[in-house]
Amino acid sequence: MDEEDPDVLTRAIGCPIDWRSGKDLTKRVVRKRIKGPKGPPKYSTKVETCDSFFHLFAPPQMVDDPEEQEIIEDILEADYEIGDRLRSEIIPNAVRWYTGEIQEESEEDDEFDDEDDEEEEGNDSDL
């Protein structure tokens, strides 16, 4: 965090994840068929990085280029918001999320909000 503004993230330290062989969720294996002469088909395999929640644990490093630094700061800010929401809302209520109790509450809130919106629309037409 920045000492001038406590709500600004200036550095993030991640930790490496030791994935079991073939279970890395941050990479995927792409297998392509290579065209060739007749006979059994040949394949080329390549490992590609894919979007994953687990990139949160490997934050990007700061660079000297101001344009790239701004992009990295945006990424770090988004990661901070995700981590903060996990810490403050998701983890303390994990069992309630798992059982669906929180989802039921939010659906009830949406129903009340819809009714309030309908009442407000009705009041606007009376004017």
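Use the structure listed above.
Residues numbered from 1 in each chain as written. Predicted model: local features only at pLDDT ≥ 70, side-chain atom pairs only at ≥ 80, totals over all residues. Heavy atoms only, no water.

Peer 1: I would appreciate a short explanation of the overall build of the chain in the present structure.
Peer 2: Each helix and strand counted, the chain has three helices and two strands in total. For the chain, the N- to C-terminal ordering of α and β elements is β-β-α-α-α. Burial status across the chain gives 8% buried among its 127 residues. Relative to all contacts within the chain whose residues are 6 or more apart in sequence, the contacts with residues 24 or more apart total 29%. (Helix = DSSP H or I, 4+ residues; strand = E, 2+ residues; numbered from the N terminus. Buried < 20%, exposed > 50% of the residue type's maximum accessible area, 1.4 Å probe, protein only. Contact = heavy atoms within 4.5 Å.)

Peer 1: Just checking my understanding: could you explain the layout of surface pockets for this structure?
Peer 2: Once rolled over the atoms, a probe with the size of a water molecule shows which space is left empty. By volume, the second largest pocket is sized at about 160 Å³. When grouped by side-chain class, the residues that make up the lining of the second largest pocket number four nonpolar, two polar and four charged. (1 Å grid on protein atoms, 1.4 Å probe; cavity = no way out; pocket = protein on both sides within 12 Å on 5 of 7 lines; lining within 4 Å. Points joined across faces, edges and corners; volume = space filled by probe spheres on them. Nonpolar A, V, L, I, M, F, W, Y, C, P; charged D, E, K, R; others polar.)

Peer 1: Explain the pattern of salt bridges to me, please; I cannot follow it from the model alone.
Peer 2: Pairing is possible between side chains of opposite charge, provided their charged atoms come close. For the structure on display, the rule yields six salt bridges. Between R28 and E48 there is a salt bridge, with the nearest N and O atoms lying 3.6 Å from each other. Taken together, the positions of R28 in strand 1 (residues 27-34) and E48 in strand 2 (residues 42-49) put the pair 20 residues apart, joining distant regions of the chain. The class of E48 is partly exposed, set by a relative accessible area of 26%. As a salt-bridge pair, R85 and E89 come within 2.9 Å of each other at their nearest N and O atoms. One end of the pair is R85 and the other is E89, both in helix 1 (residues 66-90) and four residues apart, which spans about a single turn. Among the residues examined, E89 registers a relative accessible area of 35% and is labelled partly exposed. Several salt bridges converge on common partners, so that one network encompasses R28, K46 and E48. (Salt bridge = Lys/Arg side-chain N within 4 Å of Asp/Glu carboxyl O.)

Peer 1: What am I meant to see in helix 1 here?
Peer 2: In an α-helix, one turn spans 3.6 residues, which is why side chains three or four residues apart end up on the same side. Compared with the 36 Å implied by 1.5 Å per residue over 25 residues, the 34 Å span of helix 1 between its first and last C-alpha is a close match. Within helix 1 the residues assigned to the buried category are I72, L76 and D79. (Expected span 1.5 Å × (residues − 1).)

Peer 1: I keep staring at the environment of R33 and nothing clicks. Help me out?
Peer 2: If you trace the backbone, R33 turns up in strand 1. As a C-alpha pair, R33 and S44 span 11 residues in sequence and 6.3 Å in three-dimensional space. Those residues within four positions of R33 in sequence are excluded, and the remaining contacts are P41, K42 and Y43.

Peer 1: Please clarify how a negative patch on the surface should be interpreted in this entry.
Peer 2: A grouping of D64, D65, E67, E68, E70, E73, D74, E77 and E81 is seen on the molecular surface, where their side chains present a negatively charged patch. For E68, the position within the fold is in helix 1. (Patch = residues over 30% accessible without salt bridge, like charges linked within 9 Å, V, L, I, M, F, W, Y side chains within 5 Å. Areas by Shrake-Rupley, 256 points an atom, 1.4 Å probe, with all protein chains shown as cover. Lys, Arg positive; Asp, Glu negative; His and termini not counted. Charge placed at Lys NZ, Arg CZ, Asp CG, Glu CD.)

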